[in-house]
Amino acid sequence: MVILQRKELTLAERLYLPEILRGLSITFRKFFKKAITRQYPEEPLPKDEVTRGQPRLVVKDDGHLACVSCGLCEAACPAYAITIDGHEVDRPIEREPERFEIDMLRCILCGFCEEACPKDAIFMSDELELADLTRAELVYGIDKLKRPRSALQKRIDYVYRINDRWRNSSSTP
Amino acid sequence: MSTSTTEPRAAGADDRSVVQIGPFHPLLEEPVGFELTVEGERVVAVDARMDYIHKGIERLAQQRTYDMIPILLERICGICSVTHSVCFCNAVEDLLGVEPPPRARYIRTIIGELERVHSHLLWVGLAGHFIGYNTVFMWAWKYREPVCDVFEMLTGHRQNSAIPLVGGVRRDLRVEYLPEARRVLDELDGQVRMLTEAVLDDPVLAARLRGVGVLTPQQVVDYGVVGPTARASGVATDVRRDDPYAAYGELDWQVITAPEGDVFAKAVVRLLELAESIKILRQAFDRLPGGDLSLGIRHVPAGEGIGRYEAPRGEDVHYVRSNGTNMPERLKVRAPSFTNIASFQASCIGASIADVTITLAACDPCYSCTERTIVVRDAAGGEARAVGDLIARSQRETRRIAAELGRPADLVLPAGGAR
């Protein structure tokens, strides 16, 4: 138990009204300030090229996936979320995925797949919302994962930029 | 150490009863059970029951490669994600006998201090909430939000940076954002100063928290308490100064201590540490050197390594044993809360129930960090799972393993059992 001595109030403080008005003036001023709360579902979250959202597959301008189903992302994934089955095709790239599944319930959005990919075929998008009614629906196949290159362009540019910086890192600060 | 409810009651203690706090309780952010034995309003014994949120992460880590483990260890704790992954990197670098390049060390310092800032603000808010002072809760968390945003804009995620890597860092920070981060820090500096003054001058907080849950320096040493909880009792222990890792040895900052040892002192230490963290961050932003991000470690030879890291809650220790493969043979995590939780035996006895609730929260316990084992009570054998039993069991096992391995005697604990 601590006994505290209250300080003596001045006349203005004892009059009560001036202090009330002083307090209310703060309240009224807050009406005209920008609200600090975000009305989340209606108001989108701040996103940027740096945001690591869910991984998405790049569809090249010719309409085919950039993925050659090499399996490097599958091996790099710390959460074992990726499953790939590949098959051979007649196009010059020779292989493409027959099945490319990411279990979004396992995915931890670490960005290893993006880093491992030698063909720039998988990138972290800025898509963050993830909800569904069944677990099976959350295992995303190619249909749900593919995005045109233009939709991921910002992230692709960013990844290229930081990788360039890494390559030349001894010269630039 | 533990007081079981089935023990025969001591003579003269007929008015004893047991109050359960948890496993689900508004006071606790995580499931953990506290059993307070009370005489009237006075607490005479405290026991904790854990293993509600055991995740088996150590075992999982032994099945992942060295590159994947820092990402996995970020998931040990919701708040100290950088802590565990950098601590693991420290341990493996100790095994290898290498030091990461300067830029990597500064990046680790920056993300580590950002984490400390948001963790301390989180605690100040929660402490306010626990004593029913929700204004403090709202304000502290309001200030925490921009810090999380800075963390996201520099690393790509609000909590889990995915940046630490054995021998350096995986990615660069988004340096284009550093001027904006500096502006947020300038703003935060004033806000933290205001919050500190408001808490220090508040007669209500002083009346509620002064003299509550006192830990004496002797008890701190006896229980091996670490972090702000120890520093609030005047014991100046800080891994960042005592055994500098990352870039702390090159920066100018102070270890904050307070002599009182009560909950109020713990709040003051954390608030003043916020100012120190902001100072460290500014220096790290200014001095961020160029150069390589990583040593590009390709192979970890057989051996043992120990990593230390000053988490927001105290000293974190990771032990790694490698057998030369790409996965560690053993990873042991000793989270700071493990020792801090045991100090409830000293700080809670003799207090009233209302004071115990805030004392339990005062060391900022993190139960998911602490739970490294699971012992299921078996009806026939009566295997116990109270903290005292677990400590005794772990000491017994340590002695057995030390004897088996024929290790030097300093690894063998004295036969006194749990203190």
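Quick caveat, the model's predicted, so the values are computed rather than measured.

Q: I'd love a proper account of the overall build of chain A, names of residues and values included.
A: A tally of helices and strands in chain A yields six helices and six strands. In sequence order, the secondary structure elements of chain A are arranged as α-α-β-α-β-β-α-β-β-α-β-α. A globule of 173 residues ought to have a C-alpha radius of gyration of about 16 Å, yet chain A, at 27 Å, is considerably larger. Each principal axis of the C-alpha atoms in chain A carries an extent, and together these give about 90 × 50 × 40 Å. Per-residue burial for chain A yields a buried fraction of 33% across its 173 residues. A fraction of 69% describes how many contacts in chain A between residues 6 or more apart in sequence connect residues 24 or more apart.

Q: Break down the side chain of Arg103 of chain B for me, citing the residues and quoting the values.
A: Residue and element names in this part refer to chain B. For Arg103, the position within the fold is in helix H4 (residues 102-130). Judged by relative accessible area, Arg103 falls into the buried class, the value being 2%. A distance of 3.1 Å separates a polar atom in the side chain of Arg103 from a polar atom in the side chain of Asp172.

Q: Explain the packing of aromatic side chains to me, using residue names and the numbers behind them.
A: For any pair of aromatic rings, geometry is given as the distance between the ring centres together with the angle between the planes. Residue and element names in this part refer to chain B. What the rule picks out here adds up to nine aromatic pairs over all chains. The interplanar angle of 20 degrees and the centroid separation of 6.3 Å between the aromatic rings of Tyr66 and Phe88 together place this pair among those described as stacked. Of this pair, Tyr66 sits in the loop between helix H1 (57-61) and helix H2 (69-73) while Phe88 sits in helix H3 (residues 81-96), and the two are 22 residues apart along the sequence. Residues Tyr66 and Phe88 agree in their burial class; the two are buried. Pairing Tyr248 with Trp253 gives two aromatic rings, centres 6.1 Å apart and planes at 70 degrees, and the pair type is edge-to-face. By relative accessible area, Trp253 is classed as buried at 12%. Members of the aromatic cluster, joined through ring pairs, are Tyr245, Tyr248, Trp253 and Tyr309. The side chain of Arg144 reaches across the aromatic face of Trp141, ending 5.5 Å from its centre. A cation sits over an aromatic face here: Arg270 above Trp123, 4.3 Å from the ring centre.

Q: Residues and numbers for the layout of surface pockets, please.
A: As a volume, the second largest pocket reaches approximately 960 Å³. In terms of lining, the second largest pocket is formed by 29 residues, of which the most central are Ile36 and Arg38 of chain A together with Glu145, Pro146 and Asp149 of chain B. Secondary structure elements with two or more residues in the lining of the second largest pocket: helix H5 (134-155) and helix H6 (178-201) of chain B. A total of nine residues in the lining of the second largest pocket trace back to one element, the largest contributor, which is H5 of chain B.

Q: Explain the pairing of strand S3 (residues 42-49) of chain B residue by residue, including any values.
A: Side-chain direction in a regular strand flips from residue to residue, so the side chains alternate between the two faces of the sheet. All names here are of chain B. Among the eight residues that make up S3, six are buried, leaving the element largely enclosed by the rest of the structure. Here strand S2 (residues 33-39) runs beside S3; their pairing, made up of seven bridges, is antiparallel. Among the inter-strand pairings, Leu36 is bridged to a residue of S3, identified as Val46.

Q: Describe the pairing of strand S2 (residues 82-88) of chain A, and please don't skip the residues or the numbers.
A: Residues and elements named next belong to chain A. In the sheet, S2 pairs with strand S3 (residues 95-103) via seven bridges, with the strands oriented antiparallel. What sits directly across from Ile82, in S3, is Ile102. Counting the residues in the hairpin turn of S2 and S3 gives six residues, including Glu94, whose phi is positive at 70 degrees.

Q: Give me the domain arrangement of chain B: which residues, what numbers.
A: Along its sequence, chain B is organised into domain 1 (57-345) and domain 2 (377-419). Centre-to-centre separation of domain 1 of chain B and domain 2 of chain B, based on C-alpha positions: 30 Å.

Q: Give me the environment of Asp51 of chain B: which residues, what numbers.
A: All names here are of chain B. Here Asp51 lies in the loop between S3 and H1. Note on Asp51: relative accessible area 12%, which makes it buried. As for Asp51 and Glu93, which are separated by 42 residues in sequence, their C-alpha atoms are 31 Å apart.

Q: Could you give an account of the pattern of salt bridges, naming the residues involved and the relevant values?
A: Residues and elements named next belong to chain B. On inspection of all chains with the given rule, the structure shows 44 salt bridges over all chains. Residue Arg282 is joined to Asp189 by a salt bridge in which the shortest nitrogen-to-oxygen separation is 3.3 Å. Linking Arg282 in helix H11 (residues 263-287) with Asp189 in helix H6, this pair joins segments that are 93 residues apart in sequence. On the basis of relative accessibility, which here comes to 25%, the residue Arg282 falls in the partly exposed class. Residue Glu329 is joined to Arg321 by a salt bridge in which the shortest nitrogen-to-oxygen separation is 3.4 Å. For Arg321, a relative accessible area of 32% translates into the label partly exposed.

Q: Go over the sheet that holds strand S1 (residues 55-59) of chain A with me, naming the residues and quoting the values.
A: Residues and elements named next belong to chain A. The sheet built from three strands is open, its strands ordered S4-S1-S6 with mixed pairing. At either margin of the open sheet sits one strand with a lone partner, and together these are strand S4 (122-124) and strand S6 (146-148). Each strand axis lies, on average, 50 degrees off the axis of its neighbour in the sheet, ignoring direction. In this sheet, S6 lies alongside S1 in parallel orientation, the contact comprising three bridges. Along S6, the bridge assignment pairs Val59 with Pro148.

Q: Tell me about H3 of chain B, and name the residues and values.
A: Residue and element names in this part refer to chain B. Taking 1.5 Å per residue as the helical rise, H3 with its 16 residues ought to reach 22 Å, and the 23 Å between its terminal C-alpha atoms agrees with that figure. In terms of burial, H3 is a largely internal element, 14 of the 16 residues being buried. Two residues or fewer after H3 comes Gly97, characterised by a positive phi angle close to 70 degrees.

Calculation rules
Residues numbered from 1 in each chain as written. Chains lettered and ligands numbered in written order. Predicted model: local features only at pLDDT ≥ 70, side-chain atom pairs only at ≥ 80, totals over all residues. Heavy atoms only, no water. Helix = DSSP H or I, 4+ residues; strand = E, 2+ residues; numbered from the N terminus. Rg over C-alpha atoms; globule rule 2.2 N^0.38 Å. Buried < 20%, exposed > 50% of the residue type's maximum accessible area, 1.4 Å probe, protein only. Contact = heavy atoms within 4.5 Å. Polar contact = N/O pair within 3.5 Å; in protein donor to acceptor, adjacent residues only side chain to side chain. Phe/Tyr/Trp six-rings, centres within 6.5 Å; stacked < 30°, edge-to-face > 60°. Lys NZ or Arg CZ within 6 Å of the ring centre and 35° of its normal. 1 Å grid on protein atoms, 1.4 Å probe; cavity = no way out; pocket = protein on both sides within 12 Å on 5 of 7 lines; lining within 4 Å. Points joined across faces, edges and corners; volume = space filled by probe spheres on them. Pairing = 2+ DSSP bridges. Domains from an automatic or database assignment. Salt bridge = Lys/Arg side-chain N within 4 Å of Asp/Glu carboxyl O. Axes fitted to C-alpha atoms, helices over the stretch in contact; angles between N-to-C directions. Expected span 1.5 Å × (residues − 1).

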